[in-house]
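# Reading the structure
Chain by chain, the residues:
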Amino acid sequence: MADFFLLFFIAASLLLAVLVFFLMKRLSSLEGVLSELKFSKSSQSVKYGKMTEQFVPFTKDFPFDPGNFRFLGNPIDGIVFEENKIIFAEFKAGSSQLSEKQKRVKELVEKKKVEWFEHRIE
């Protein structure tokens, strides 16, 4: 009877070890798939944002004349040239945030650290 319990315990332990090994391997595989999906989603979000920012000046919600907007792309989306002012414009979709570089540009504009430079070629 003791031999039966010993064999049962060994068989159950082996079965459990095989099951744990299989589940760990499956978990590792699923983590790889999840990582790829996260990267893909992030990539699609960036593409969506870049595509969207091209059209924002032509939407009814854009508060300026789209003809006065000039697209830059980086580090800010563009500049609006109004009759009495120049506006640095950045468009964000969803929960996206300003990059560190964009925050720095905003800070410089707010501190009026903007200059005019003219270079003549003779």
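In what follows, the accompanying structure is described. (Residues numbered from 1 in each chain as written. Predicted model: local features only at pLDDT ≥ 70, side-chain atom pairs only at ≥ 80, totals over all residues. Heavy atoms only, no water.)

Further remarks concern the overall build of the chain. Of the regular secondary structure elements, the chain holds two helices and three strands. Secondary structure elements of the chain, listed N to C terminal, follow the sequence α-β-β-β-α. Relative to the 2.2 N^0.38 estimate, which gives 14 Å for 122 residues, the radius of gyration of the chain is 29 Å and therefore markedly larger than a compact globule would have. In terms of principal-axis extent, the alpha carbons of the chain reach across some 100 × 30 × 30 Å. In the chain, which comprises 122 residues, the share counted as buried stands at 13%. As presented, the chain carries roughly 11,000 Å² of accessible surface, and 64% of it is formed by carbon and sulfur atoms. Across the chain, the mean location of the 18 positive side-chain charges is 3 Å away from that of the 16 negative side-chain charges. (Helix = DSSP H or I, 4+ residues; strand = E, 2+ residues; numbered from the N terminus. Rg over C-alpha atoms; globule rule 2.2 N^0.38 Å. Buried < 20%, exposed > 50% of the residue type's maximum accessible area, 1.4 Å probe, protein only. Areas by Shrake-Rupley, 256 points an atom, 1.4 Å probe, with all protein chains shown as cover. Lys, Arg positive; Asp, Glu negative; His and termini not counted. Charge placed at Lys NZ, Arg CZ, Asp CG, Glu CD.)

Along the chain, the position of Gln-102 falls in helix H2 (residues 100-110). Ignoring anything within four residues of it in the chain, the contact list for Gln-102 reads Pro-75, Glu-90, Lys-92 and Gln-97. (Contact = heavy atoms within 4.5 Å.)

On to the pattern of salt bridges, then. A complete count under the given rule lists six salt bridges for this structure. Among the salt bridges present, the one from Arg-104 reaches Glu-107, with a minimum N-O distance of 2.6 Å. Of this pair, Arg-104 and Glu-107 both sit in helix H2, separated by three residues, roughly a single helical turn. Take Arg-104: its relative accessible area is 42%, and that puts it in the partly exposed class. The closest approach of N and O atoms between Glu-118 and Arg-120, which form a salt bridge, is 2.9 Å. Residue classification places Glu-118 among the partly exposed residues on the basis of a relative accessible area of 47%. Here Arg-120 falls in the exposed class, since its relative accessible area comes to 62%. One network of salt bridges, with partners in common, ties together Arg-104, Glu-107 and Lys-111. (Salt bridge = Lys/Arg side-chain N within 4 Å of Asp/Glu carboxyl O.)

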